[in-house]
Every structure is written in C-alpha cells, then in structure tokens.
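Coordinates in review
The lines below spell out each chain.
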Amino acid sequence: MGKAFLFAFTAALNPTLLTATTVMLLLPSPKRLMLGYLAGAFTTGMVVGIAIVEWMSDSGVVSSTKHTLAPSLDFAFGVIALLAAYVVQSGRVARARARRAEKRSDKPKKPPRWQEALSGGSARTTFVIGLLLSFPGASYLASLTEISRQNLGTVEVVLAVLAVNIVMLALLEVPLVCFALAPEWTPLAIERFKGWLAVHGGKVLVIALTAIGCIFILRGVLTIVS
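In short, a report on the structure. Note that the coordinates shown come from a computational prediction; the quantities given were computed from them, not determined experimentally.

Quick look at the overall build of the protein now. Of the regular secondary structure elements, the protein holds 11 helices and 0 strands. Reading the protein from its N end, one meets helices and strands in the order α-α-α-α-α-α-α-α-α-α-α. Residue burial in the protein is summarised as follows: out of 226 residues, 38% are buried. Across the protein, contacts joining residues at least 24 apart in sequence account for 83% of those joining residues at least 6 apart.

Of all 11 residues that make up helix α8 (residues 138-148), 9 are buried, and the element is covered over most of its length. Restricting attention to buried positions, one finds in α8 the residues Ser 139, Tyr 140, Ala 142, Ser 143, Leu 144, Thr 145, Glu 146, Ile 147 and Ser 148.

A cluster of nonpolar side chains, namely Phe 127, Val 128, Leu 132, Leu 133 and Phe 135, defines an oily patch on the protein surface of about 450 Å² accessible area. Residue Leu 133 is classed as partly exposed on the basis of its relative accessible area of 33%.

Of note, the phi angle at Asn 151 is positive, near 55°, even though the residue is not glycine. Of note, Asn 151 is situated in the loop between α8 and α9 (154-168).

Reading guide: rules and limits
- Residues numbered from 1 in each chain as written.
- Predicted model: local features only at pLDDT ≥ 70, side-chain atom pairs only at ≥ 80, totals over all residues.
- Heavy atoms only, no water.
- Helix = DSSP H or I, 4+ residues; strand = E, 2+ residues; numbered from the N terminus.
- Buried < 20%, exposed > 50% of the residue type's maximum accessible area, 1.4 Å probe, protein only.
- Contact = heavy atoms within 4.5 Å.
- Patch = residues over 30% accessible without salt bridge, like charges linked within 9 Å, V, L, I, M, F, W, Y side chains within 5 Å.
- Areas by Shrake-Rupley, 256 points an atom, 1.4 Å probe, with all protein chains shown as cover.
- Salt bridge = Lys/Arg side-chain N within 4 Å of Asp/Glu carboxyl O.

Right, dumping it as structure tokens:
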C-alpha cells in the first residue's frame, strides 16, 4: 500500500487545484467555497476510484499470475512516467508555454471559464467545479492499480480509496485548515508556495516521475521472472 500513497502524493502536485485554492482564498466566504469544492472533488474521487478498483479486481487486469496483463500494465505505466519525465526535463513543456504566451502577448489574458465561475462565490458552483475537475489522472490511476493488487474486501477498498483521496487533495485540505486557524496569513503563504513551485516544481516532478517509472518497470520485470 505504500506505493499507492506515493502515487497519491504525486497526484497531489496539481497546479489546477492549487490555482483553484488560491482563487477561493481571495474571495468572500472562502471556507464555504473550499468546502464545496472539496465535497465535489471527494465525490468524483471516491465514486470513480471505487468503481475502477472493483473493475480491475473483477476483470483480472492486475492479476499477479505470470504472463498476465499485470506486467504489461506495469511496463505501460513505467514507460509513460519516464517519457513524461523526459519531456519535462528537456524543457519542451516550458518552451511550448513560452511560445503560447508570446502569441497571446498582444491579447489580454482571459482566465479559464472555471476560474470565472469560481469568482461567482457560490458553494454550489465550487461543488460542481470540484466534481468536474477531479477525474482521475495517471498518478491516481496508478494508485488505484496498487489498491486493486491487495485483494481487499469491500470496506477495506472504500477506506483505502478514501485515504488516497485525502492525500491527493492535501493542497485543498491544508489551506482549509490553515485558513480556519490563520485566515490572514494563509493566502500569502499560498502565493509563496506557488512561487516556489514555479521555480522548483519541474525538478520535483522529474524526480517523482522517474522514480515512479523505474518502480513500475522493475516490478514488471520481477513479476515475469518470479
């Protein structure tokens, strides 16, 4: 289960979630807005997560038997993670962003529609946005794969998916707790963290993706030879 939480931590490094949290902190009634977003994100994460784990278990996709799809799935996740690490390390993502920014430099930058919707200040709106922006990414799918390998019962699966979602949504939960304790300090701390992430986030992501890719490929090899 340790790897499941490692992947959940990687999934928590979510720029969209960090941006949404920052926007909500600067709006009236941020606690209510963040609770709405958190409820929506948890709803999607739990429903989709449990469904995927049950599907994987029932379909035998993660069977540990030799020469099943399990090592193939490991190799696929591993290669995808290593390719993603290479793309980030090569600077292609940064250059693509720079080109897009240059093309848009003559036009006023318009925020995404979901950010405009957040500015409406409705907890119902943030619930819907959290619901729609929280569908599984690659790291969450990898975490769910780990859970499905454990041959857990129904209650244990629910608790495991819940724990993974708690880790994955830490960028929202921690500011929510901090805001309740220190409402004036928290928005400034979030902005500083965004600045740190802008400088060091690429390096952290490369290290995490490389480690995850190597773990998956190594486990695929061990599954075949065992």
